[in-house]
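Examination of the molecular architecture
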Amino acid sequence: MAVELGAPHPSPAVQPRAALARVDGPPPGGHHGPTGRLAARVLAALVLATAAAFFLIPLVWLLLAPTKTDHQLVVQSPFAFGSLARVATSWNHLVAYEGGAILVWLRNSAIYSFSGTAIAILVGIPAGYGLAVTQFVGRKTLLVATLVVMIMPSTALVLPLFLEMNAFHLIGNAFSVILPFAFFPFGVYLAYIYFSSTIPPDLLAASRIDGCTEWKTFRFIAMPLATPVIALVAFFDFVASWNNFFLPFVMLPSSNQYPVQVGLENLLSSTPAFNPTIGGSQLAVYRPELALAILVAIAPVLIVFLFAQRALVAGLLAGATKE
Amino acid sequence: MALTLRAPSRAVTRRRHRSAAGYSFVGAYVLLLLAFGAAPTAYALWLAFTTSAGGGFAGFGNFLQTARDFRFIPAAEHLAFYLGFWLVSLVVLVVGLALVVHSRGPRASKALRLAYYVPGALAGAASVIVWLFVLDPAVSPVAFILHAFGWSTFDEVISPGHLPVLFAIMAFWTGAGGWILVMYGALNNIPEELMESARLDGASPWQVALRIKLPLIRKWVAYMTILAFATGTQLFVEPQLVSQASVGIISPSWSPNQLAYVYAFQLDNFNGASAIAVDLLILGLICAVLIISRTGLFEAS
């Protein structure tokens, strides 16, 4: 702390020798002198700044891209700002693509993600509660199964799910993505941890003695206390569903059913810069339009992300119990 | 005995009552678990062990046939290289960055954590397309770096030998920030007195980081590594889109999951697709069991 606030700078005349002396051998007891600390601090700042540049530069470029024409993207500085009018033009081009396909995709994404998340909450919160406060045969098995499926990458089930849906002739049906989105073991586990650690058993016992049934106890005692965990489950399932590519990619073959993530893939294949065979009579989108489509596609998740950072961390940490 | 049979004690009634309530709470979830967890797994297993004609028992035939496919070994190699780069960079850089960020003042560290994690919002196709832009020297914001490597066209940048590293960079861009947050949270859970007493004993910030902080977040590092391995084995969208944008240079069965997709969608060989899917499922399953049984982070009691 003292270092941060007021470490005296060594005089320039002494600095090189002092620095040399400290590089020669490790200082006894691990004490670095002021110069060594300064060097370490500069190094740390450099590392942090490089990392920040790595994470942010592509985003800054993406934000600026729709303000320019495709030609300007190539000839101007990557961080030059074009004009806002150009954003409007890009948007018009984008909306014109396949007669407003981007709007249909956004609507589809909203339908799939919101319905999936709503069912995940209706099903998952009571399940977490049941696992936490009631006893039944098979409870332990169900918990272990939940943990296993939750940790296994969800992509591992995509092709098996496709084969299953195909056997039932449900390919192309919206429920072939909504119901898998609604199956959210991580949410059940979060609710389970929440109800077993935050709701005092005495409170539930008191409610039962007062004559409440288990469901009434859940509805009037547990649910009102569970708002934070409901928000958390909603957040995680919504983001996971909105960003999911592989599942809708295999389940929903026709363009008017795509969610926006699959729509982006479709746009990519219609962008001449990434697909030289496109052109001529076909109505193409260009790089500024593609960049704008990405921004529109990620906007809902980005907004949730920016406002829910705290909740996100709490959830990630709550996903596993502390010792 | 007779008495008990005629009138069960209050405790027994209660337990039965609660047992019934328990089932009603978890019932709908169990249905989803069976329909979208157990059933697809069982069906994939069934397909993987049967023949396409008539559904007779095929033994390991489908597994052998897909493993001998000329695309299988290359896909597995690609995946292994990718996982190597991805896991090493993840462990070294995420832990390193989390430790350095944690040593900053609260204000700076908050801004940095946000900057690192915002790209996490761009999972899926969006992030891959952003990286197609970044990797295209014509429009890239870091074209000077690409030129420094001697690459002047998009095709040179995405040449097959570069792909494992490029996919690792993409995965790092979207995934690392969230893990830095997790590590940071874990570091915050270390009691301040512990580090204070280490400092009083003369430990340098380096020693505090390596000898005190690192061992205390070790199980989180293990958790991250296994989970990232499991997720990494499923690689699909990155090679799929890059292959598409490369117009034929990159194989459409670059990763095992893509190969399974090709089996299902282009070869109409669901049994072969299932065999590869089961290979990958087993990898994921092993990882899940390892995390649950070894890291001690999850308890199911």
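Computed from a predicted model, the values in this text were never measured in an experiment. (Residues numbered from 1 in each chain as written. Chains lettered and ligands numbered in written order. Predicted model: local features only at pLDDT ≥ 70, side-chain atom pairs only at ≥ 80, totals over all residues. Heavy atoms only, no water.)

1. Let's talk about the overall build of chain A
Note the threshold: Numbering of helices and strands runs from the N terminus, with a helix taken as a DSSP run of H or I at least four residues long and a strand as a DSSP run of E at least two residues long. Working definition: with a 1.4 Å probe on protein chains only, accessible area under 20% of the residue-type maximum means buried, over 50% means exposed, and in between means partly exposed. All accessible-area figures derive from a Shrake-Rupley calculation using a 1.4 Å probe, and residue coverage is judged against the displayed protein chains alone.
Each helix and strand in chain A was counted, giving 17 helices and zero strands. Expressed as a percentage of its 323 residues, the buried residues of chain A come to 50%. As presented, chain A carries roughly 14,600 Å² of accessible surface, and 69% of it is formed by carbon and sulfur atoms.

2. Some thoughts on the overall build of chain B
This is how the line gets drawn: Restricting the calculation to C-alpha atoms gives the radius of gyration, and the globule rule supplies 2.2 Å times the number of residues raised to the power 0.38. Any two residues having at least one pair of non-hydrogen atoms within 4.5 Å are treated as being in contact. Only four residue types enter the tally: Lys and Arg on the positive side, Asp and Glu on the negative side, with His and both chain ends excluded. Here the site of a charge means NZ on Lys, CZ on Arg, CG on Asp, or CD on Glu.
Along chain B, the regular secondary structure elements total 15 helices and zero strands. Taking 301 residues into account, the globule formula puts the C-alpha radius of gyration at 19 Å, and chain B, at 25 Å, lies well above it. Projected onto its principal axes, the C-alpha coordinates of chain B cover approximately 90 × 70 × 30 Å. Relative to its full complement of 301 residues, chain B shows a buried share of 53%. Here the contacts in chain B between residues at least 6 apart in sequence split such that 64% fall between residues at least 24 apart. By element, 67% of the accessible surface of chain B is carried by carbon and sulfur atoms, the whole surface being about 13,400 Å². Distance between charge centres in chain B, computed from 18 positive and 13 negative side chains, equals 22 Å.

3. Here we look at the confidence of the model for chain A
Do not read the predicted coordinates in detail wherever pLDDT is low. Residue and element names in this part refer to chain A. To keep it simple, the criterion reads: Values of pLDDT, which run from 0 to 100, indicate the predictor's confidence residue by residue.
Looking at chain A, the pLDDT average stands at 82 and 83% of residues meet or exceed 70. In this model, residues 1-31 is a region of pLDDT below 50 whose contacts with residues beyond four sequence positions or in other chains number 21 contacts. Low pLDDT (under 50) marks residues 319-323, which in the prediction has 14 contacts with non-local residues, meaning those over four places away or in another chain.

4. Thoughts on helix α8 (residues 158-167) of chain A
Judged by how many residues are buried, α8 of chain A sits mostly within the fold: eight of 10 residues are covered. Directly beyond the C-terminal end of α8 of chain A, a positive phi value near 55 degrees is found at H169 of chain A.

5. Digging into empty space enclosed by the protein
Applied cut-off: A pocket, in this scheme, is an open set of points on a 1 Å grid over the protein atoms alone with protein on both sides within 12 Å along at least 5 of 7 lines, while a cavity is a set where a 1.4 Å probe fits but cannot get out; residues line either one if an atom lies within 4 Å of a point. Grid points are joined across faces, edges and corners, and a volume is the space filled by probe spheres set on the points. Three categories are distinguished: nonpolar for Ala, Val, Leu, Ile, Met, Phe, Trp, Tyr, Cys and Pro, charged for Asp, Glu, Lys and Arg, and polar for the others, with Gly belonging to the last.
Counted according to the given criterion, the structure contains three cavities of 30 Å³ or more. Contributing elements (two or more residues each) for the lining of the second largest cavity: α8 of chain A together with α15 (270-295) of chain B. With three residues, α8 of chain A is the single largest residue contributor to the lining of the second largest cavity. The residue inventory of the lining of the second largest cavity, partitioned by class, reads seven nonpolar, three polar and no charged.

6. Observations regarding the pattern of salt bridges
Rule in force here: By salt bridge we mean one thing: a side-chain nitrogen of Lys or Arg within 4 Å of a carboxyl oxygen of Asp or Glu.
Within this structure, the stated rule accounts for seven salt bridges over all chains. Among the ionic pairs, E214 of chain A bridges to R208 of chain A, the shortest N-O distance being 2.7 Å. E214 of chain A sits in the buried class, given a relative accessible area of 3%. Connected through salt bridges with shared partners, the residues D70 and R287 of chain A together with D136 of chain B form a single ionic network.

7. Side note on the nonpolar core
Heads up, the rule is: Take the buried residues of types Ala, Val, Leu, Ile, Met, Phe, Trp, Tyr and Cys, join any two whose side-chain atoms come within 4.5 Å, and each joined set is a nonpolar core.
Grouped together as the largest cluster of nonpolar side chains are 197 residues, with contacts concentrated most on F195 and I294 of chain A together with W86, Y116 and L122 of chain B. Ranked by residues supplied to this core, first place goes to helix α9 (residues 163-188) of chain B with 17 residues. When sequence neighbours within four positions are dropped, the list of residues in contact with L122 of chain B reads L59, L62, I294 and I298 of chain A together with S127, V130, W173 and T174 of chain B.

8. A few points about the layout of surface pockets
In this structure, the second largest pocket encloses a volume near 670 Å³. Broken down by secondary-structure element, the contributors of at least two residues to the lining of the second largest pocket are α3 (34-64) of chain A together with α4 (72-102), α6 (125-134), α7 (143-148) and α9 of chain B. Its residues assigned to classes, the lining of the second largest pocket shows 20 nonpolar, three polar and no charged.

9. Quick word on the environment of V182 of chain B
Mapped onto the secondary structure, V182 of chain B falls in helix α9. Note: C-alpha distance between V182 of chain B and I291 of chain B (109 residues apart in sequence) is 16 Å.

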